[in-house]
Amino acid sequence: MKCDEVREILLSDYIDEEAAPEIRDRINDHVKGCNGCREMYDVLCEKVSAPFKNLEPTTPPFEVWKKIEEKIYTGREVGAVGFLTRLKSPFVYRKTVLALASVMLVVFFGTQYVKVRDSNLTKEYVTEQFEYLTSLGNNGNGGGFGTSIEEYFF
Amino acid sequence: MMEVPNDVIKRAAGGDREAFEDIYNLTSSYVYAVAIRVSGNVEDAQEVVQDVFVKVHKNLWKFNFESKLTTWIYRITVNTAVNYYNRTKKRRGHEIGDERILENKGMPANVHAKMEDEDNKRKVELLLQRLNPDQRVCIVLREIEQLSYEEISEVLKVNINTVRTRLKRAREALIKYVSEKEDKDEM
């Protein structure tokens, strides 16, 4: 491998441990015998990469969370993350859909029950009326009102 | 980095305040770390952290679990920090001098470890100043946050070769800067 190729890999995949093992072996072999590449890699590790690795973890001051809370829960964002936004949440949305579906089912079965009940009432009414009209014709004189039309047909 | 459990995300998306606070507690330190390094100073970084979590809260219902929550938050952090940096660049001037960085410190001079830490932070800030925002973000995500190339490409929505090239160019620039600085100091 030539120095240019080796340095390209040293600056990226090698130092970041993304290079395949066989590539690493070839780079190691080259660096052992090449002062220029070894010096460049030493500078890269000690002067460029090490300061980042030695950084202490940091956490934001507590006031930052207080300000976020203010903005979210008491500031202008309240409306934006209020009912509508919460409604848009897939989890809240699912619950809302289930509730709506339940209400629709109740309404559907309710109307079906009323329809069936109404049709039974209608049948009863028609039967009653028919029986009443029939009973009018059975008043002991063989039925009918003794009109000329009845006499003509019967 | 600690991952946020799915049930916490679901509760926070449904408006649970405690769950959202849990998300903040689990992720704010890396949001802050990235924000400081990308935006360039502590005051701006705190503004960035606030913006990031207000955005996270507002858009959490859109999170679809196709990627990790941390990847999604990194993406919001990087975009917010870079936008903040670009917006405030004119105000701050194109180059922040070494003096400005020292002004931001205020460390107790009698604590040796603290001094070393502050000195190291200063080195990091000087190095990052030499990079453009794209290179800076890649270096921060790789060197400080220890993300893999694949994770960085997912956060930045660029392909892995772009990540590789940005890191390589950034390190070339940093080696050049360090070597020139050493030569100057020797003179």
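Reading guide: rules and limits
- Residues numbered from 1 in each chain as written.
- Chains lettered and ligands numbered in written order.
- Predicted model: local features only at pLDDT ≥ 70, side-chain atom pairs only at ≥ 80, totals over all residues.
- Heavy atoms only, no water.
- Patch = residues over 30% accessible without salt bridge, like charges linked within 9 Å, V, L, I, M, F, W, Y side chains within 5 Å.
- Areas by Shrake-Rupley, 256 points an atom, 1.4 Å probe, with all protein chains shown as cover.
- Salt bridge = Lys/Arg side-chain N within 4 Å of Asp/Glu carboxyl O.
- Lys, Arg positive; Asp, Glu negative; His and termini not counted.
- Charge placed at Lys NZ, Arg CZ, Asp CG, Glu CD.
- Helix = DSSP H or I, 4+ residues; strand = E, 2+ residues; numbered from the N terminus.
- Buried < 20%, exposed > 50% of the residue type's maximum accessible area, 1.4 Å probe, protein only.
- Core = buried A, V, L, I, M, F, W, Y, C linked by side-chain atoms within 4.5 Å.
- Contact = heavy atoms within 4.5 Å.
- Buried area = accessible area lost by both parts, 1.4 Å probe.
- Polar contact = N/O pair within 3.5 Å; in protein donor to acceptor, adjacent residues only side chain to side chain.
- Nonpolar A, V, L, I, M, F, W, Y, C, P; charged D, E, K, R; others polar.

Some thoughts on a negative patch on the surface
A cluster of acidic side chains, namely Glu17(A), Glu18(A), Glu150(B) and Glu154(B), defines a negative patch on the protein surface. Looking at the secondary structure, you find Glu154(B) in helix H8 (residues 149-156). In this structure Glu154(B) comes out as partly exposed when scored by relative accessible area, which is 34%.

So, the nonpolar core
Core analysis: the biggest nonpolar cluster contains 77 residues, and Leu10(A), Val49(B), Leu60(B), Leu69(B), Ile73(B) and Leu141(B) have the highest contact counts within it. The greatest single-element share of this core, amounting to 11 residues, is contributed by helix H2 (residues 17-39) of chain B. If we skip the residues at most four places from it in the chain, Val49(B) touches Val64(A), Ile68(A), Tyr24(B), Val31(B), Tyr32(B) and Ala35(B).

Thoughts on the pattern of salt bridges
In the structure shown here, the tally under the stated rule is 16 salt bridges over all chains. Taking the shortest distance from any N to any O, the salt bridge between Arg11(B) and Asp16(B) comes out at 3.2 Å. Residue class for Asp16(B) comes out partly exposed when judged on its relative accessible area of 28%. Residues joined in a network through salt bridges with shared partners are Asp16(A), Lys53(A), Arg142(B), Glu143(B) and Arg171(B).

Observations regarding unusual backbone geometry
Phi is positive for Gln146(B), which is not a glycine, with a value near 60°. The partly exposed category is assigned to Gln146(B), whose relative accessible area is 43%.

Comments concerning the interface of chain A and chain B
Chain A puts 41 residues into the contact, and the matching count from chain B is 47 residues. For the pair chain A and chain B, the summed buried area comes to about 4,300 Å², and 66% of that belongs to carbon and sulfur atoms. On inspection of chain A and its partner chain B, the count reaches 7 salt bridges. There are 14 residue pairs in polar contact (both at pLDDT 80 or more) connecting chain A and chain B. Counting only elements with at least two residues in the side of chain A that touches chain B, the list comes to helix H1 (3-14), helix H3 (35-53), helix H4 (62-74), helix H5 (77-80), helix H6 (83-88) and helix H7 (90-137) of chain A. The biggest single contributor to the side of chain A that touches chain B is H3(A), with 9 residues. Broken down by class, the residue content of the side of chain A that touches chain B amounts to 21 nonpolar, 7 polar and 13 charged.

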